[in-house]
Amino acid sequence: MARHKKNRKKDSDGFIFPAPFAAILGAVAVISLGYLWLCGRCDSLGKQIKGLEEKKVEIHKRVINEEYKWSNMKSPGNILAMLHHNNLPMDYPEESRVVRLRYRYSESASMRASAERREYVQRAGTVVND
């Protein structure tokens, strides 16, 4: 009788881990790490946004403060004080020297003004082409 030798490569007495289960575990691990990375990124962006919003509020307060200072600087009393401080003898004109112009927004007034301009140009001796 011939004895057949057994192929020992096909016999495994060790622990067998199924490949589909390993693939599923790998996918879960990758998804978990991606989720943790995304949460960390969102938290850092949230902190950055909060810091920028606080900075915006501070800058807005500074803008309002500077606008207040500018409006005080350009007040008539302050302008006169600065002119006198810098030895510039300037003052507002007298009421008799002020010429007040009245401007109307009607169409007839604008047509009349354009006609007056044409008359002025024609009196100057230039050619007007309409």
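The rules behind these values
Residues numbered from 1 in each chain as written. Predicted model: local features only at pLDDT ≥ 70, side-chain atom pairs only at ≥ 80, totals over all residues. Heavy atoms only, no water. Helix = DSSP H or I, 4+ residues; strand = E, 2+ residues; numbered from the N terminus. Buried < 20%, exposed > 50% of the residue type's maximum accessible area, 1.4 Å probe, protein only. Areas by Shrake-Rupley, 256 points an atom, 1.4 Å probe, with all protein chains shown as cover. Salt bridge = Lys/Arg side-chain N within 4 Å of Asp/Glu carboxyl O. Patch = residues over 30% accessible without salt bridge, like charges linked within 9 Å, V, L, I, M, F, W, Y side chains within 5 Å. pLDDT = per-residue confidence, 0-100. Disulfide = S-S within 2.5 Å. Contact = heavy atoms within 4.5 Å.

## Here we look at the overall build of the protein
The secondary structure content of the protein amounts to 3 helices and 0 strands. Looking at the protein as a whole, 2% of its 130 residues qualify as buried. Carbon and sulfur atoms make up 60% of the accessible area of the protein, which amounts to about 13500 Å² in all.

## Structural notes on the pattern of salt bridges
Using the criterion set out here, one finds 2 salt bridges in the structure. Ionic pairing is found between E66 and K69, a salt bridge with its closest N-O pair at 3.6 Å. Placement of the pair is E66 and K69 together in helix α1 (residues 19–73), with a separation of 3 residues, close to one helical turn. We note a salt bridge from E95 to R100, for which the minimum N-O separation is 3.1 Å. Residue E95 is classed as exposed on the basis of its relative accessible area of 57%. Given the relative accessible area of 59%, R100 is considered exposed.

## Focus: a nonpolar patch on the surface
Taken together, the side chains of F17, F21 and L25 define a hydrophobic patch exposed on the protein surface, amounting to about 290 Å² of accessible area. Structurally, F17 is set in the segment before α1.

## Topic: the confidence of the model for the protein
Here the protein averages 81 in pLDDT, and 70% of its residues register 70 or above. The weakest mean pLDDT in the protein belongs to helix α3 (residues 107–123) at 56; the strongest belongs to α1 at 96.

## A short note on the state of the cysteines
The tally for this structure, following the rule as stated, stands at 0 disulfides. Lacking any disulfide linkage, C39 is separated from the closest cysteine sulfur, that of C42, by 6.6 Å. Residue C39 is classed as partly exposed on the basis of its relative accessible area, which comes to 30%.

## Side note on the environment of M73
Within the secondary structure layout, M73 lies in helix α1. Non-local contacts of M73, meaning those with residues more than four positions away in its chain, are made with N78 and I79.

## A closer look at unusual backbone geometry
Of note, the phi angle at N87 is positive, near 55°, even though the residue is not glycine. With respect to the element layout, N87 can be found in the loop between α2 (76–85) and α3.

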